[in-house]
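# Tertiary structure, described
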Amino acid sequence: LCQCECGVQKYVRTRHLTNSESTQCNSCKVRESNFRRRIADSSLPSAVYMHLWPKVERAIDRCTNPQHPRFGDWGGRGIQVYSGWLRDPALFVEYLAELSGAMDFELVLDREDNNGHYEPGNLRFVTRSESQLNRRTNKERYGNEIRTA
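Report on the accompanying structure. Just so it is clear, the model here is predicted, and its values are computed rather than measured.

### Re the environment of V93
Residue position: V93 is located in helix α5 (residues 89–98). For V93 and V56, which are 37 residues apart along the polypeptide, the C-alpha to C-alpha distance reads 6.7 Å.

### A look at helix α3 (residues 46–64)
In this model α3 runs 26 Å from its N-terminal to its C-terminal C-alpha over 19 residues, within 8% of the 27 Å that 1.5 Å per residue would give. Within α3, the axis deviates most sharply at L52, by approximately 35°, and proline P54 lies no more than four positions further along. Taken together, the buried positions of α3 are occupied by V48, Y49, H51, L52, W53, K55, V56, A59, I60, R62 and C63.

### Some details on the layout of surface pockets
Taken as a whole, the largest pocket spans an internal volume of roughly 700 Å³. As for the largest pocket, its lining consists of 21 residues, and the residues nearest its centre are R62, W74, L109, D110 and S131. Elements with a contribution of two residues or more to the lining of the largest pocket: α3, β3 (107–111) and α6 (128–133). Here the lining of the largest pocket is built from residues that sort into five nonpolar, five polar and eleven charged. Taken as a whole, the second largest pocket encloses approximately 540 Å³ of empty space. Residue lining of the second largest pocket: 19 residues in total, with E5, C6, C28, R31 and E57 positioned closest to the centre. Here the lining of the second largest pocket gets six residues from one element, more than from any other, and that element is α3. Taken together, the residues of the lining of the second largest pocket break down into nine nonpolar, four polar and six charged.

### Focus on the pairing of β3
Burial within β3 is extensive, with five of its five residues counted as buried. Here β3 runs beside strand β4 (residues 123–127); their pairing, made up of five bridges, is antiparallel. When the sheet's bridge partners are listed, D110 is paired in β4 with R124.

### Some points on the packing of aromatic side chains
Evaluation of the coordinates by the stated rule reveals four aromatic pairs. Both rings, one in W85 and one in Y95, keep their centres 5.0 Å apart while their planes meet at 40°; by these two values the pair is tilted. Note that W85 is positioned in helix α4 (residues 83–87) and Y95 in helix α5, a separation of ten residues in sequence. Of the two residues, W85 and Y95, neither departs from the other in class, the shared state being buried.

### A closer look at the nonpolar core
Counting residues in hydrophobic clusters, the biggest one holds 24 residues, and the most contacted among them are L52, V81, F92, L96, Y118, L123 and F125. Of all elements in the fold, only α3, α5, β3 and β4 reach the threshold of two or more residues within this core. At eight residues, α3 tops the list of elements feeding residues into this core.

### Some details on the pattern of salt bridges
According to the stated counting rule, one finds two salt bridges in the structure shown. Two residues, R124 and D110, come together in a salt bridge whose shortest N-O distance is 2.9 Å. Here R124, found in strand β4, pairs with D110, found in strand β3; they are 14 residues apart in sequence, far enough to count as distant. On the basis of relative accessibility, which here comes to 6%, the residue D110 falls in the buried class.

What counts as what
- Residues numbered from 1 in each chain as written.
- Predicted model: local features only at pLDDT ≥ 70, side-chain atom pairs only at ≥ 80, totals over all residues.
- Heavy atoms only, no water.
- Helix = DSSP H or I, 4+ residues; strand = E, 2+ residues; numbered from the N terminus.
- Expected span 1.5 Å × (residues − 1).
- Bend = angle between axes of the 7 residues up to and from the residue.
- Buried < 20%, exposed > 50% of the residue type's maximum accessible area, 1.4 Å probe, protein only.
- 1 Å grid on protein atoms, 1.4 Å probe; cavity = no way out; pocket = protein on both sides within 12 Å on 5 of 7 lines; lining within 4 Å.
- Points joined across faces, edges and corners; volume = space filled by probe spheres on them.
- Nonpolar A, V, L, I, M, F, W, Y, C, P; charged D, E, K, R; others polar.
- Pairing = 2+ DSSP bridges.
- Phe/Tyr/Trp six-rings, centres within 6.5 Å; stacked < 30°, edge-to-face > 60°.
- Core = buried A, V, L, I, M, F, W, Y, C linked by side-chain atoms within 4.5 Å.
- Salt bridge = Lys/Arg side-chain N within 4 Å of Asp/Glu carboxyl O.

Structure, rendered in structure tokens:
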């Protein structure tokens, strides 16, 4: 019995493992194949896709995969990914590519409203220190006002 990185478990023949013929479940293989096809068909340079795709995958995984170790901090508390991006994650990549700082390797993807969703208008690229200030643990409520600690 083997487990894919996405959490799916399946039985695999030993020879397929030793020959590296089986390294992912079928869903992951299809997703990777679609991703490679999308890169080839896109007007965006492949370097843009390769830089932004992992950010998209991690965001989707944190919000949709209950097996993710930090699911409780995202999907478990209701944070969602815009439905159009779930249907076609390449559109998520294309949206991020249009944001200021998308190709700056020093910046991280951040939701402006930490309680808001991964959706158009709520995403930005910021420094790690700016992102750390935009956490639930750094904010206190004073009536209707929220102050950063």
